[in-house]
Amino acid sequence: MIKKMFFAALAFGFFATSCSSDDDNSPTNSELTLNLSGLEALGTDYVYEGWVIVDGNPVSTGTFSSVVFPQSFSVNTMQLNEASAFVLSIEPAVDNDPAPAATKILRGEFSGSTASVNTDLIGDFSNASGAFFLRTPTDETSGNNMNDQYGVWFGTPGMPPSPNFNLPTLPVGWAYEGWVVGDSGPLSTGTFTQFNAVDSAAPFSGTAQAGPPVPGEDFFMNAPTGETFPLDIRGRTVVISVEPVPDDSPAPFAIKPLVGTAGNDTAPATHAFGLNLASLPTGLVTRN
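Calculation rules
Residues numbered from 1 in each chain as written. Predicted model: local features only at pLDDT ≥ 70, side-chain atom pairs only at ≥ 80, totals over all residues. Heavy atoms only, no water. Helix = DSSP H or I, 4+ residues; strand = E, 2+ residues; numbered from the N terminus. Rg over C-alpha atoms; globule rule 2.2 N^0.38 Å. Buried < 20%, exposed > 50% of the residue type's maximum accessible area, 1.4 Å probe, protein only. Contact = heavy atoms within 4.5 Å. Lys, Arg positive; Asp, Glu negative; His and termini not counted. Charge placed at Lys NZ, Arg CZ, Asp CG, Glu CD. Pairing = 2+ DSSP bridges. pLDDT = per-residue confidence, 0-100. Phe/Tyr/Trp six-rings, centres within 6.5 Å; stacked < 30°, edge-to-face > 60°. Salt bridge = Lys/Arg side-chain N within 4 Å of Asp/Glu carboxyl O. Polar contact = N/O pair within 3.5 Å; in protein donor to acceptor, adjacent residues only side chain to side chain. Axes fitted to C-alpha atoms, helices over the stretch in contact; angles between N-to-C directions.

## Some remarks on the overall build of the protein chain
When its secondary structure is counted, the protein chain shows two helices and 18 strands. A globule of 288 residues ought to have a C-alpha radius of gyration of about 19 Å, yet the protein chain, at 27 Å, is considerably larger. The C-alpha extent of the protein chain, read off along each of the three principal axes, is 115 × 35 × 25 Å. In the protein chain, which comprises 288 residues, the share counted as buried stands at 43%. Looking at the protein chain alone, contacts between residues at least 24 apart form 64% of all its contacts between residues at least 6 apart. A distance of 12 Å separates the average location of the 9 positive side-chain charges in the protein chain from that of its 29 negative side-chain charges.

## Here's the deal with the pairing of strand 12 (residues 186-192)
Note: strand 11 (residues 174-181) against strand 12, six bridges, orientation antiparallel. Paired with Tyr176 across the bridge in strand 12 is Phe192. Between strand 11 and strand 12, which pair antiparallel and follow one another directly, the connecting turn spans four residues, one of which, Gly185, has a positive phi of 140°.

## Focus on the environment of Gly43
Position of Gly43 relative to the elements: it lies in the loop between strand 1 (29-37) and strand 2 (46-54). Each C-alpha atom of the pair Gly43 and Phe253 lies 10 Å from the other, and the pair is 210 residues apart in sequence. With residues near it in sequence (within four places) discarded, Gly43 still touches Asp248 and Ser249.

## Concerning the pairing of strand 14 (residues 237-244)
Residues in a regular strand project their side chains so that they alternate between the two faces of the sheet. Burial within strand 14 is extensive, with seven of its eight residues counted as buried. Pairing analysis gives five bridges linking strand 14 to strand 15 (residues 255-261), with the strands arranged antiparallel. Following the sheet pairing, Val238 is matched in strand 15 by Gly260.

## Concerning the environment of Phe125
Mapped onto the secondary structure, Phe125 falls in the loop between strand 7 (114-117) and strand 8 (129-134). Since its relative accessible area comes to 2%, Phe125 is described here as buried. Distance from Phe125 to Leu231, taken between C-alpha atoms, is 30 Å for residues 106 residues apart in sequence.

## A look at the confidence of the model for the protein chain
Scored by pLDDT, the protein chain has a mean of 90; 90% of the residues are at 70 or more. The low-confidence segment residues 1-22, where pLDDT is below 50, has zero contacts with residues more than four positions distant or belonging to other chains.

## A few points about the sheet that holds strand 14
Taken together, five strands build an open sheet; the order of strands is 12-11-14-15-17 and the sheet is antiparallel. The open sheet has two edge strands, strand 12 and strand 17 (274-275), and neither has a second partner.

## Some points on unusual backbone geometry
Of the consecutive residues Phe69 and Pro70, the connecting peptide bond is found in the cis state with omega at 10°. Take Pro70: it is sitting in the loop between strand 3 (57-64) and strand 4 (71-76). In this chain, Met159 is followed by Pro160 through a cis amide linkage whose omega measures 5°. With respect to the helices and strands, the residue Pro160 is situated in the loop between strand 9 (151-154) and strand 10 (165-166).

## Examining the packing of aromatic side chains
Summed over the entire model, instances satisfying the criterion amount to 17 aromatic pairs. Plain terms: the ring middles of Phe132 and Phe273 are 5.0 Å apart, the flat faces sit at 55° to each other, and that makes the pair tilted. Of the two residues, Phe132 is situated in strand 8 and Phe273 in the loop between strand 16 (271-272) and strand 17; the sequence distance between them amounts to 141 residues. Taken individually, Phe132 and Phe273 each receive the classification buried, so the pair is uniform in this respect. Through successive ring pairs, a cluster of aromatic residues spans Phe132, Phe154, Phe165, Tyr176, Phe192, Phe195 and Phe273.

## As for the side chain of Glu217
As for its placement among the helices and strands, Glu217 is situated in strand 13 (residues 216-218). No salt bridge is formed by the buried Glu217; its nearest oppositely charged neighbour, Arg236, is found at 14 Å. Within the local environment of Glu217, its side chain forms a polar contact with the backbone nitrogen of Phe204, the two atoms lying 2.7 Å apart. Discounting residues that sit within four places of it in the chain, Glu217 has contacts with Gly151, Val152, Trp153, Thr189, Ala201, Ala202, Pro203, Phe204 and Ser205.

## Looking at the sheet that holds strand 1
Taken in spatial order, the eight strands make up an open sheet running 3-2-5-6-7-18-1-4, and their pairing is antiparallel. Both edges of this open sheet fall to strand 3 and strand 4, since each of them pairs with a single strand only. On average, each strand axis in the sheet is inclined to that of its neighbour by 25°, with strand direction left out of account. Across four bridges, strand 7 lies against strand 18 (residues 282-287) in antiparallel orientation. From the neighbouring strand, Val117 faces strand 18, where its bridge partner is Gly283.

Quick look at the structure:
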């Protein structure tokens, strides 16, 4: 009887130990904290999503729409500890694709428990520069109408104008967009990925003839609420931003590498952009 009780106790102890061992091997989570700056709220159709890179594969750390930081996310401990890098992308709010979208905005490699993230995967804007001039070619049928203060074009004036940007070629998922700050807010001049071609749209330009083979816009037609056209560009702020594609927000995105102020002189005078690197998003990601 004593022997039977001994073996029963031994078997029970083995079972208990096995269960305890199974419990110890169950997945556990740790905290990933994002402390980012320079991001702006997206439109209602998109969210930000974090990813850790584990053995070369992306593992989602969760989505968010608020741009108030710090924010923390619960992530599988083993995957988090093995992660080599962190990536932030922009994703559709309703997304059936488990992989990251092409619109990756931030990346950083882990060094110990932290990763410093930046926009270098989009492009190096440290030497960004460019120029623009005031001219209104789209309302002309026979020579200059002497109203060049109502249009802005990106490049150097000539017959035809030539590009004058020192900007990186953007990866898939991103495009440049020009802006003029009007009386009620920023007005888009259109998106573009090439500097020596017309941009994506001309909602405000005249109809007498097509614009030149550089991005830009004349401001004669279809004035938005709060604006009076023709719009005098002199003294106004001119911006080049980097926008996600697709983009459901009517406002400029957070990445604005170039900002300039139009002078009083029209073409052939040019106006240089200044570098506005302060607007580039950055941040620190910490795994605990």
